[in-house]
Structures are given as C-alpha cells and as structure tokens.
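Residue-level structure breakdown
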Amino acid sequence: MLNEKLKKALNDQMNFEFYAAHSYLAMAAYCSDESLDGFANFFLVQAEEERFHAMKFYNFINSLGERATIQSLPEPNNTFTSVLDAFEKALEQEKEVTKKIYHLSDLALDDREHATMTFLKWFIEEQVEEEDLFDSIIQKLKRIDDDSNAFFMLDDEFSKRTFTPEAE
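Residues numbered from 1 in each chain as written. Predicted model: local features only at pLDDT ≥ 70, side-chain atom pairs only at ≥ 80, totals over all residues. Heavy atoms only, no water.

**Some details on the nonpolar core**
Our working rule: Take the buried Ala, Val, Leu, Ile, Met, Phe, Trp, Tyr and Cys residues and link them wherever side-chain atoms come within 4.5 Å; each set so joined is a nonpolar core. The classification of residues rests on relative accessible area computed with a 1.4 Å probe and restricted to protein chains. Under 20% of the type maximum is buried, over 50% is exposed, and intermediate values are partly exposed. Per the convention used, a helix needs a DSSP run of H or I reaching at least four residues, while a strand needs a run of E reaching at least two, with both numbered from the N terminus. Two residues qualify as a contact provided that any one of their heavy atoms is within 4.5 Å of a heavy atom in the partner residue.
Judged by nonpolar contacts, the single largest core of 27 residues is most densely connected at Cys31, Phe39, Phe43, Val83, Phe87, Phe134 and Leu141. Contributing elements (two or more residues each) for this core: helix H1 (4–33), helix H2 (37–63), helix H3 (83–111), helix H4 (114–144) and helix H5 (148–159). Of the residues forming this core, the biggest block, six residues, is contributed by H1. Apart from the residues lying within four places of it in its own chain, the contact partners of Phe134 are Tyr24, Phe42, Phe43, Gln46, Phe87, Ala90, Leu91 and Glu94. Counting 20 residues, the second largest nonpolar core, distinct from the first, contains Met14, Tyr19, Val97 and Phe119.

**Some remarks on a negative patch on the surface**
Threshold: Patch building starts from residues that exceed 30% relative accessible area and form no salt bridge, then joins like charges within 9 Å and nonpolar side chains (Val, Leu, Ile, Met, Phe, Trp, Tyr) within 5 Å. Each accessible area value is a Shrake-Rupley result obtained with a 1.4 Å probe; residue values ignore everything except the protein chains displayed when judging cover. In what follows, salt bridge is the name for a side-chain nitrogen of Lys or Arg lying within 4 Å of a carboxyl oxygen of Asp or Glu. Note on charges: Lys and Arg go in the positive column, Asp and Glu in the negative column, and His and the chain ends are not counted at all. Note that the charge is assigned to NZ on lysines, CZ on arginines, CG on aspartates and CD on glutamates.
On the surface, Glu129, Asp132, Asp135 and Glu166 cluster together to form a negatively charged patch. With respect to the element layout, Glu166 can be found in the segment after H5. Given a relative accessible area of 39%, Glu166 falls into the partly exposed group.

**Quick word on the side chain of Gln127**
Topologically, Gln127 is positioned in helix H4. For Gln127, a relative accessible area of 2% corresponds to the buried category. Not counting the four nearest positions on each side in its chain, Gln127 is found in contact with Glu94, Val97, Thr98 and Ile101.

The values reported here are purely geometric and, on their own, carry no functional implication.
In structure tokens:
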C-alpha cells in the first residue's frame, strides 16, 4: 500500500502527462494553422505518446490496488511565434516532466517502494531520450534558419512519424 504522499504524486504525474498531451495538441494546431502538416503530425504523435505515458501511470496505480484520480487540465499555451518557439516550449515542458519524475523517484526511494522505483526507471530513461530529441530538433531548426528547402524537408520527414506503443 502506497503512502498518501506518494499516491498523490503518482496521480499528479499521471495528470501532468495528460496535460502534456493537451499541450502537444495545441502545438499541432498551431502548425496546422501554418500549413505545416509534417510538424503538426510530429506534435500529434507526441500527444499520443504522452497519453500512453499517462495510461502507464493509470494502470500502475490501479495495479497497486489504489485509485487513479483524474483532475481537470489547465489550458495549454496556444500562442507560438514560430515552429522553433513551439519546440523550445516543448523542451521546457519535457524538462519539467523530468524534474517531476526525479521527484517521484526520490519519494519512492525514501519510502523504499521498490515496485514504484522499478516502474519509474522506464520513465527516467524515456526522459533522457525525449530531451535529447527536442534539443536535436531545436539545433536543426536553428542551423537551417532561413533555408526554406531544408525547413520543408524537415516538415516532410516529420509527416512520416508514427507512434507504436511498445509491448508491456
């Protein structure tokens, strides 16, 4: 049985993952409005991935005999000045997720809650990949700067991105 502080933190993280999905939908909407369908697809796939993460928390909480508690979502940022701005805000969001996962890991370690520690290991590794992905895209966007051909090639590359959840 989880202590109340850890149970609340797991539920808060689940809801933050749903919020992250919500934020990525807002970024996709911006890109769609700019007729950048590949970048929109990138963010739509990212939203699916975040919902998948949220459901991992949901299922984990339930598997421990606890209740997942769904909260309301704050309104995401809907204002972006460029695709680069959207990706920079996405990286900030991923860094916030990392900080929250680390905090959860500390709580689980303090409680010697080994099942939770094992569960969170996957998310720690995932966050390294997420931050690296967004940082890499930001660097590419900065390098291509005003090269519209390179920009549209990246847009085309992102149009092919899909999400395939790994087997549990």
